[in-house]
Amino acid sequence: IAAELTFSRDVVQQAETQLTSTDKVVAYFIGAAGLGKTSASRQLLASLSRRGFSCWEHQADHLLDAESWIAIAHHCEVNNIDAALFVDDAHLHLRAIDRIVDHLHAKKSTRFRLLLAATPGKWNPRVKSPSIFRIGVEHSLKKLSRGEIDSLLDLFDRNKDVAALVEASFSGFSRNEKLRRLAERCRADTFVCMKNIFA
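Summarised in this report is the structure supplied together with it. (Residues numbered from 1 in each chain as written. Predicted model: local features only at pLDDT ≥ 70, side-chain atom pairs only at ≥ 80, totals over all residues. Heavy atoms only, no water.)

Some remarks on the overall build of the protein
Okay, step 1: Helix and strand counts for the protein stand at eleven helices and five strands.
Okay, step 2: Relative to its full complement of 199 residues, the protein shows a buried share of 44%.
Okay, step 3: By sequence separation, contacts in the protein at least 24 residues apart represent 81% of the contacts at least 6 residues apart.
Okay, step 4: For the protein, the accessible surface area stands at approximately 10400 Å², while carbon and sulfur atoms represent 50% of it.
Okay, step 5: For the protein, the distance from the average position of its 28 positive side-chain charges to the average position of its 24 negative side-chain charges is 4 Å. (Helix = DSSP H or I, 4+ residues; strand = E, 2+ residues; numbered from the N terminus. Buried < 20%, exposed > 50% of the residue type's maximum accessible area, 1.4 Å probe, protein only. Contact = heavy atoms within 4.5 Å. Areas by Shrake-Rupley, 256 points an atom, 1.4 Å probe, with all protein chains shown as cover. Lys, Arg positive; Asp, Glu negative; His and termini not counted. Charge placed at Lys NZ, Arg CZ, Asp CG, Glu CD.)

The structure is reproduced here in structure tokens:
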């Protein structure tokens, strides 16, 4: 992320605004596998870290210890520390997440933020604490916006190693033609765009 090997996603700014200026302290990125939920979440953590937040990413091969994170959330609230925890594949840790979110809601905590990512097929059918909907906001990753496509093309301009992976037939087009093809011919569908770019 720091090396700028990713392109910017609209949901990052939307979720950052939510987490830093509202009482909705839970943001969850929902989208199909491969759409960039993890990269977007890490972009958001990096941005929050630059704002002075303490940030963590849960390691998926470990259990999510709800009681320890509740203790950290309490510590942050008492000491006015802004913090954020990212949990990828959130459906795997839903019981622990429910306990953390219930605590944040019950205590009206505003200092500790929770960022979650999951695929809709594994997230939507699961029973979740009502607190998630009271203090959380869903952010969907689907098609690429014009700004995201522009940022993706910027990535090729600034990084020769990534640009070397681009299909010759695509790299030969002008900037405007690349934008047009991805937005119109590919209908901004993330996977179709990537297939056109990298063949």
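Thoughts on the sheet that holds strand 5 (residues 136-140)
Okay, step 1: Sheet architecture is open: five strands sit in the order 2-3-4-1-5, paired in parallel fashion. Every other strand in the sheet has two partners, leaving strand 2 (54-57) and strand 5 as the edge strands with one partner each. Across this sheet, the average inter-strand angle for adjacent strands is 15°, counted without regard to direction.
Okay, step 2: The sheet contact formed by strand 1 (residues 26-30) and strand 5 spans five bridges and is parallel. (Pairing = 2+ DSSP bridges. Axes fitted to C-alpha atoms, helices over the stretch in contact; angles between N-to-C directions.)

Examining helix 2 (residues 37-50)
Okay, step 1: Its 14 residues place the ends of helix 2 20 Å apart at the C-alpha level, agreeing with the 20 Å of an ideal helix rising 1.5 Å per residue.
Okay, step 2: All of the buried residues in helix 2 are Lys37, Ala40, Ser41, Gln43, Leu44, Leu45, Ser47 and Leu48.
Okay, step 3: At its buried positions, helix 2 is contacted by helix 1 (10-21), strand 1, strand 2, strand 3 (83-87) and strand 4 (112-118).
Okay, step 4: One or two residues past the end of helix 2 sits Gly52, with phi positive at roughly 100°. (Expected span 1.5 Å × (residues − 1).)

A word on the nonpolar core
Okay, step 1: Core analysis: the largest hydrophobic core is formed by 27 residues, its most contacted members being Ile97, Ile100, Phe112, Leu114, Leu116 and Trp123.
Okay, step 2: No other element matches helix 4 (residues 94-106), which puts six residues into this core.
Okay, step 3: Grouped together as the second largest cluster of nonpolar side chains are 17 residues, Val12, Ala15, Leu44 and Leu115 included. (Core = buried A, V, L, I, M, F, W, Y, C linked by side-chain atoms within 4.5 Å.)

Let's talk about unusual backbone geometry
Okay, step 1: In the Ramachandran plot, Lys108 falls in the positive-phi region, its phi being about 55° despite a non-glycine side chain.
Okay, step 2: Structurally, Lys108 can be placed in the loop between helix 4 and strand 4.
Okay, step 3: On the basis of relative accessible area, Lys108 is assigned to the exposed category, the value being 67%.
Okay, step 4: At Arg187, a residue that is not glycine, the phi angle is positive and equals roughly 55°.
Okay, step 5: Among the structural elements, Arg187 can be located in the loop between helix 10 (175-185) and helix 11 (190-198).

Focus on the side chain of Asp98
Okay, step 1: Counting through the fold element by element, Asp98 comes out in helix 4.
Okay, step 2: Summary of buried charges: Asp98 has no salt-bridge partner, and the nearest side chain of opposite charge, Arg95, is 7.2 Å away.
Okay, step 3: A distance of 3.0 Å separates a polar atom in the side chain of Asp98 from the backbone nitrogen of Ser129.
Okay, step 4: Non-local contacts of Asp98, meaning those with residues more than four positions away in its chain, are made with Val127, Lys128, Ser129 and Ile132. (Salt bridge = Lys/Arg side-chain N within 4 Å of Asp/Glu carboxyl O. Polar contact = N/O pair within 3.5 Å; in protein donor to acceptor, adjacent residues only side chain to side chain.)

Considerations on helix 7 (residues 146-158)
Okay, step 1: When the terminal C-alpha atoms of helix 7 are compared, their 19 Å separation across 13 residues agrees well with the 18 Å that a helix rising 1.5 Å per residue should span.
Okay, step 2: Listed as buried for helix 7 are Glu148, Ile149, Ser151, Leu152, Leu153, Leu155 and Phe156.
Okay, step 3: For helix 7, the elements touching its buried residues are helix 1, helix 8 (160-163), helix 9 (168-171), helix 10 and helix 11.

Comments concerning the environment of Thr22
Okay, step 1: For Thr22, the location among the structural elements is in the loop between helix 1 and strand 1.
Okay, step 2: Sequence spacing of Thr22 and Ala33 is eleven residues, and the spatial spacing of their C-alpha atoms is 29 Å.
Okay, step 3: Within the local environment of Thr22, its side chain forms a polar contact with the backbone oxygen of Gln18, the two atoms lying 2.6 Å apart.
Okay, step 4: A polar contact of 3.1 Å, which involves the side chain of Thr22, links it to the backbone nitrogen of Lys24.

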